[in-house]
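Analysis of the macromolecular model
Now for the letters of each chain:
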Amino acid sequence: MSFNIAIDGPAGAGKSTIAKMIAKKLGYIYVDTGAMYRAMALYLLREKIDPSDTERINAKCEEADISIGYENGEQIVYLNGENVNSLIRTEEVGNMASVSSPNPNVRKKLVKLQQKLAASKDVVMDGRDIGTCVLPHAQVKVYLTADSRVRAGRRYKELTQKGVSCDIDTIEKDIIERDHQDMTREISPLMQAEDATLVDSSYMSIDEVVDAVIALM
Ligand code: DC
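A brief structural summary. None of these values were measured; they are calculated from a predicted model. (Residues numbered from 1 in each chain as written. Predicted model: local features only at pLDDT ≥ 70, side-chain atom pairs only at ≥ 80, totals over all residues. Heavy atoms only, no water.)

1. Looking at the packing of helix α2 (residues 33–46) against helix α5 (residues 104–120)
Interhelical geometry of α2 versus α5 gives an angle of 140 degrees and a closest axis separation of 11 Å. One way to sum up the angle between α2 and α5 is to call them oblique. Crossing handedness for the pair α2 and α5: right-handed. Where α2 approaches α5, its residues T33, M36, Y37 and M40 are matched on the opposing element by V106, R107, K109, L110, V111, L113, Q114 and L117. A class-by-class count of the residues in the contact of α2 with α5 yields 8 nonpolar, 2 polar and 2 charged. (Axes fitted to C-alpha atoms, helices over the stretch in contact; angles between N-to-C directions. Helix = DSSP H or I, 4+ residues; strand = E, 2+ residues; numbered from the N terminus. Parallel < 35°, antiparallel > 145°, perpendicular 65-115°, else oblique. Left-handed = near helix turned anticlockwise from the far one by under 90°. Contact = heavy atoms within 4.5 Å. Nonpolar A, V, L, I, M, F, W, Y, C, P; charged D, E, K, R; others polar.)

2. As for unusual backbone geometry
Unlike most non-glycine residues, K48 shows phi in positive territory, near 55 degrees. Considering the arrangement of structural elements, one finds K48 in the loop between α2 and α3 (54–60). Overall, K48 belongs to the exposed group, its relative accessible area being 71%. The backbone of N80 sits at a positive phi, close to 45 degrees, despite the residue not being glycine. By the secondary structure assignment, N80 is in the loop between β4 (74–79) and β5 (82–83). (Buried < 20%, exposed > 50% of the residue type's maximum accessible area, 1.4 Å probe, protein only.)

3. Details of the nonpolar core
Judged by nonpolar contacts, the single largest core of 35 residues is most densely connected at M40, I66, V77 and M125. Taken together, the elements giving at least two residues each to this core come down to α2, β3 (66–71), β4, α4 (91–100), α5, β6 (123–127) and α6 (130–134). Ranked by residue count, the leading element in this core is α2, at 9 residues. Counting residues in hydrophobic clusters, the runner-up holds 17 residues, among them I5, Y30, V140 and V210. (Core = buried A, V, L, I, M, F, W, Y, C linked by side-chain atoms within 4.5 Å.)

4. Points about the state of the cysteines
Using the criterion set out here, one finds 0 disulfides in the structure. C61 forms no disulfide, and the closest cysteine sulfur to it belongs to C133, at a distance of 17 Å. Judged by relative accessible area, C61 falls into the buried class, the value being 0%. (Disulfide = S-S within 2.5 Å.)

Here it is as structure tokens:
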């Protein structure tokens, strides 16, 4: 039987950094489910689908073949056979993903793929609904969060290091808005699974968080 670690939490809590490090330490596969929703969003953007047109999204998402592979330990997302890793981290794709990811057909398709991966391999999977919907029987479930001001500060640092000028108050406002959207949506809202352990990373180092998750095993 495969061993599954589910890490859920709001944007900017550090899920992918932590999940990647744990996967590397344990020799597990890291599955970034947000990247799959982003690849689907890229497909819908390319097809020029109106984000509010639920019916067309429902129909069109059937045509997108999304799969993942690994190169040097890094997850690669393929959209109809094309490596789209370098195209899915834009603001435009992120915005479309946040509108299209609640779509039931999109979720059905991607959740199936995620469950198939976790059934045959030891995985660390991060997302919003992994502990609650995708892998309800995961052996370890973590709800990773951090104070919105701290998350805004991390994002601010990341952007300024890249030379992008930004304002921390605006970043925090966006984070709070995105949290609200993720937590109040009708389908698979972001929430802590009953049997998940809450880890608040606000005042923890990355290593401390990694150790805390591994200790749960
Ligand atoms: O974590 P991220 O920003 O890459 O996620 C992109 C979008 O996909 C975001 O709007 C949340 C959504 N998402 C989701 O609905 N379910 C998941 N398991 C992962 C991400």
